[in-house]
Amino acid sequence: MPKKNNIEFLALIIPLAILIMPIKGTCDIHFYRAVPFFKEPRLEKPWLQSFDVWIGGGRTKKAHDGSKTKVALFDLYGVHQMQAVGDGICKDFAKRLDNLIIKLSLLNSSPGFATFSIEGQFSSIEAGIRYAQNFDKGLFLECYLPIRSLKIDNLTFLDLSSNDTYPNINDPYWIAFKNELPTIMQEHGVFVTDWKDHGCGDLVVLGGFTMSHQETQEIDFIDVTIQTGVSMPTGKKQDLSYAFALPFGYNKHWAIPVHFVSSIGAYEWLTVGMSIDALFLLAKSHEELRMKVSAQQSSILLLNKGQARVHPGTIWSVAPFIKADHVIRGLSLAVGYTYAHQKTTYITPFDKEQFNYAIVNSDERFAGYVLHTLHATAEYDFTQQNWQYGPRIGITYNHQISGKRCFKTYIASITAGLEIAWDF
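Rules and cut-offs
- Residues numbered from 1 in each chain as written.
- Predicted model: local features only at pLDDT ≥ 70, side-chain atom pairs only at ≥ 80, totals over all residues.
- Heavy atoms only, no water.
- Helix = DSSP H or I, 4+ residues; strand = E, 2+ residues; numbered from the N terminus.
- Contact = heavy atoms within 4.5 Å.
- Areas by Shrake-Rupley, 256 points an atom, 1.4 Å probe, with all protein chains shown as cover.
- Lys, Arg positive; Asp, Glu negative; His and termini not counted.
- Charge placed at Lys NZ, Arg CZ, Asp CG, Glu CD.
- Pairing = 2+ DSSP bridges.
- Axes fitted to C-alpha atoms, helices over the stretch in contact; angles between N-to-C directions.
- Parallel < 35°, antiparallel > 145°, perpendicular 65-115°, else oblique.
- Left-handed = near helix turned anticlockwise from the far one by under 90°.
- Nonpolar A, V, L, I, M, F, W, Y, C, P; charged D, E, K, R; others polar.
- Phe/Tyr/Trp six-rings, centres within 6.5 Å; stacked < 30°, edge-to-face > 60°.
- Buried < 20%, exposed > 50% of the residue type's maximum accessible area, 1.4 Å probe, protein only.
- Lys NZ or Arg CZ within 6 Å of the ring centre and 35° of its normal.
- Expected span 1.5 Å × (residues − 1).
- Bend = angle between axes of the 7 residues up to and from the residue.
- Patch = residues over 30% accessible without salt bridge, like charges linked within 9 Å, V, L, I, M, F, W, Y side chains within 5 Å.
- Salt bridge = Lys/Arg side-chain N within 4 Å of Asp/Glu carboxyl O.
- Polar contact = N/O pair within 3.5 Å; in protein donor to acceptor, adjacent residues only side chain to side chain.

Chemist: What is the right way to look at the overall build of the protein in this model?
Modeler: Helices and strands together make up the secondary structure of the protein, namely four helices and 20 strands. Taken along its principal axes, the extent of the C-alpha atoms in the protein is 80 × 40 × 40 Å. For the protein, the proportion of contacts with a sequence separation of at least 24, taken over those separated by at least 6, is 74%. Taken as a whole, the protein presents about 19800 Å² of accessible surface, with 59% of it coming from carbon and sulfur. Between the averaged position of the 39 positive side-chain charges in the protein and that of its 41 negative side-chain charges there is a distance of 3 Å.

Chemist: Even after reading the chapter, I still don't get the sheet that holds strand β3 (residues 70–72), so can you show me in this structure?
Modeler: As a general point, the strands of a sheet are linked pairwise by backbone hydrogen bonds and lie either parallel or antiparallel. Read from one edge to the other, the open sheet built from three strands follows the order β3-β2-β19, with strand pairing classed as antiparallel. The strands lining the two open edges of the sheet, one partner per strand, are β3 and β19 (406–407).

Chemist: In this structure, what is going on with the packing of helix α2 (residues 96–106) against helix α3 (residues 172–187)? I would like to understand it.
Modeler: Between two packed helices, both the angle of their axes relative to each other and the distance between the axes serve to describe the pair. Remark: α2 packs on α3, axes separated minimally by 9 Å, with the N-to-C direction vectors making an angle of 125°. Judged by the inter-axis angle, α2 sits oblique to α3. Helix-helix and strand crossings are classified by hand; for α2 and α3 the assignment is left-handed. On α3, the residues touching Arg-96, Leu-97, Leu-100, Ile-101, Lys-103 and Leu-104 of α2 are Tyr-173, Trp-174, Ala-176, Phe-177, Glu-180, Thr-183, Ile-184 and Glu-187. By residue class, the composition of the contact of α2 with α3 is nine nonpolar, one polar and four charged.

Chemist: What is the right way to read the packing of aromatic side chains from this model?
Modeler: Aromatic rings in a pair are described by how distant their centres are and how their planes are angled relative to each other. By the definition in use, this model includes 19 aromatic pairs. Taking 5.6 Å as the distance between ring centres and 75° as the angle between the ring planes, the aromatic pair formed by Phe-31 and Tyr-32 counts as edge-to-face. Look at Phe-31 and you get buried, because its relative accessible area is 17%. Ring-pair connections join several aromatic residues into one group, and the members of that group are Phe-31, Tyr-32, Phe-74, Phe-113, Phe-116, Phe-122, Phe-157, Trp-174, Phe-177, Phe-244, Tyr-369 and Phe-407. The ring of Phe-140 has Arg-42 sitting right over it, with the charged end atom 5.9 Å from the ring centre. In this arrangement the basic side chain of Lys-236 is found over the ring face of Phe-248, its NZ or CZ atom lying 5.8 Å from the centre.

Chemist: Help me understand α3, please; the structure alone is not making it clear to me.
Modeler: Given 3.6 residues to a turn, an α-helix orients residues that are three or four positions apart in the same direction. Here α3 is 16 residues long and its end C-alpha atoms lie 21 Å apart, about the 22 Å a rise of 1.5 Å per residue gives. At Glu-180, α3 is deflected by roughly 65°, the largest bend along its length, and proline Pro-182 occurs up to four residues later in sequence. Restricting attention to buried positions, one finds in α3 the residues Trp-174, Phe-177, Glu-180, Leu-181, Ile-184 and Met-185. The inward-facing, buried residues of α3 abut α2, β5 (115–134) and β6 (139–159).

Chemist: Explain a nonpolar patch on the surface to me, please; I cannot follow it from the model alone.
Modeler: Together, Trp-47, Phe-135, Leu-139, Leu-141, Phe-209, Tyr-389 and Trp-422 make up an exposed nonpolar region whose accessible area comes to about 620 Å². Here Phe-209 shows up in strand β8 (residues 203–213).

Chemist: Can you help me understand the environment of Ser-110 in this one?
Modeler: Within the secondary structure layout, Ser-110 lies in the loop between α2 and β5. Measuring from C-alpha to C-alpha, the distance between Ser-110 and Thr-165 comes to 6.9 Å, with 55 residues separating the pair along the chain.

Chemist: Is there a simple way to explain the environment of Val-224 in this structure?
Modeler: With respect to the helices and strands, Val-224 occurs in strand β9 (residues 221–232). Val-224 sits in the buried class, given a relative accessible area of 2%. A sequence separation of 164 residues divides Val-224 from Thr-60, and the C-alpha atoms of the two residues are 36 Å apart.

Chemist: Is there a simple way to think about the sheet that holds strand β12 (residues 284–290) in this case?
Modeler: What the three strands build is an open sheet, ordered β12-β13-β16; its pairing is antiparallel. One side of each edge strand has no neighbouring strand; the edge strands of this open sheet are β12 and β16 (346–349). Adjacent strand axes in the sheet meet at a mean angle of 40° when their direction is disregarded. In terms of strand pairing, β12 meets strand β13 (residues 305–311) through five bridges, oriented antiparallel. Residue pairing for β13: Leu-289 is matched across the bridge by Gly-306.

Chemist: Just to check I follow, could you spell out the pairing of strand β1 (residues 48–60) for this structure?
Modeler: In summary, the side chains of a regular strand alternate between the two faces of the sheet. Sheet topology places β1 next to strand β20 (residues 411–421); 10 bridges connect them, and they run antiparallel. Across the sheet, Trp-54 pairs through a bridge with Thr-415, a residue of β20. Relative to β5, β1 runs antiparallel, the two sharing 12 bridges. Pairing of Ile-55 across the sheet is with Ala-127, part of β5.

Chemist: Help me understand the pairing of β8 in this model?
Modeler: Pairing analysis gives six bridges linking β6 to β8, with the strands arranged antiparallel. In the strand pairing of β8, Leu-141 is matched with Gly-207. Bridge count for β8 against β9 is 11 bridges, and the pairing is antiparallel. When the sheet's bridge partners are listed, Leu-206 is paired in β9 with Gly-229.

Chemist: Any chance you could explain the side chain of His-259 here in plain terms?
Modeler: For His-259, the location among the structural elements is in strand β10 (residues 255–266). One polar contact links His-259 to Asp-277, side chain to side chain, over a distance of 2.2 Å. Apart from the residues lying within four places of it in its own chain, the contact partners of His-259 are Lys-39, Thr-225, Ile-226, Gln-227, Ser-275, Ile-276 and Asp-277.

What follows is the structure, encoded as C-alpha cells:
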C-alpha cells in the first residue's frame, strides 16, 4: 500500500481505537455459556433494513473455577463447606433440624470434612431477535431481544469427607445432616432441587454510526461502526428460593452498552476485523440478596439474606475475526475468538451489624469471571445483483475453551436474516 494510504488508514483507525479501547463489555455475555458470535460492521447504505432471528443451545456438566481448573458444575466458586451454613440464623436446640446444624458446627474441623462437591447439568435453548434500520449519513438504530429456556438438573452432592481423620465421613451428626439437607435448606426458604424456567433476557436498544472508507488502492475497504444505547432490565431476576437458579438478564440492572467494530477487506474476498465492547452496569438496591455472614461460609448454599446495594463490575470483551467472503457463490466462512471479562462486583449491605462488608465481598460469586471462546460460522447469502430483498441463512458454533468462574458451555445455533434495501 502506498504511504499516503497508510496514513489515511492510521488517521481513521487510531483515534477511534484510542476512544474505544478503554471501554469494556458487550450486550449479551453471561458466565453460564460461551459468548455468542461477534457482529461485523454495519453496511453503510441509506434506509437499509435488517431482520435477524437465531436459535440455538448447548449443555455442560463442567465449569472452570477461579484458577481455570475444570471442575464439577457448581464448584466454580469452590467446594461447599457446611459446618458454618447455620452461622447468623436463629437456632433452637429443641428443634430437631436446628439441633443438627448446631451439633455439626460444634464438631472439630478437619480437611475435607462436611464438604460437598456439587455436580449437575446445565442446558439452554436460546433465541434472539434483532432489527436494524439505517437512516441517512451512516446513522442507524438497532434493537435486540434474547429469549431463553434454562435448566439445571442431575444434581449430585459428593461427600469429600475423609475416612481417616476425626471427625470423618462416618460421624453420626454429619450423616444425619446430609440426609436432612434438602429439608434444612427448605426450612429457610431455599430449594436444593432441579430448576427450570424460560423467559426474555434484557432488551437492548442502540443508536449507531457506520462508515465505509473505499478510497484506497491495495485494500478494498475499511469499515467502522460505533454504537451505544441502553440495556433495559426486562429479563427475569434470579429466583432466590432456588439455590441453583440463574438470572435471564443482568438481574434487573440497567446498563449502558458501547460497541465498536472495524474491518479491512482485501483481495475481494478476505475480511479481517476486531470488535471491542463494553457494558457499564448501573448500581441498584436489592430488597433481598443472599450473603455470607462468616468467612467460613461457602458460596451458593447460603441461608442468610438481606437488603444490599449491588455495584456490578463492568463487562468487557475483545474479539478479532477473519472472514472468507463469498468464496463459493454466496457462501462465506469465518472464524474468531472472544476474550470476555467481568470485573469485580461490590456489595454494600444495609444491615452492617449482621453483614460485614469485607466478609460479604470475600464471596467468590462477586469476584468476576473470564470467558475464552472460539467461534466458527458459515453463512449463505442468496442476494442477487439489483435485488431489493436479500435473504441469508447461517450456522455458528461457539466453543468455550477456558475461563474463570464460569460454566464450560458450548452454543451451536442457526440464523436466518433478511436485508431490505429501500430506495426513497
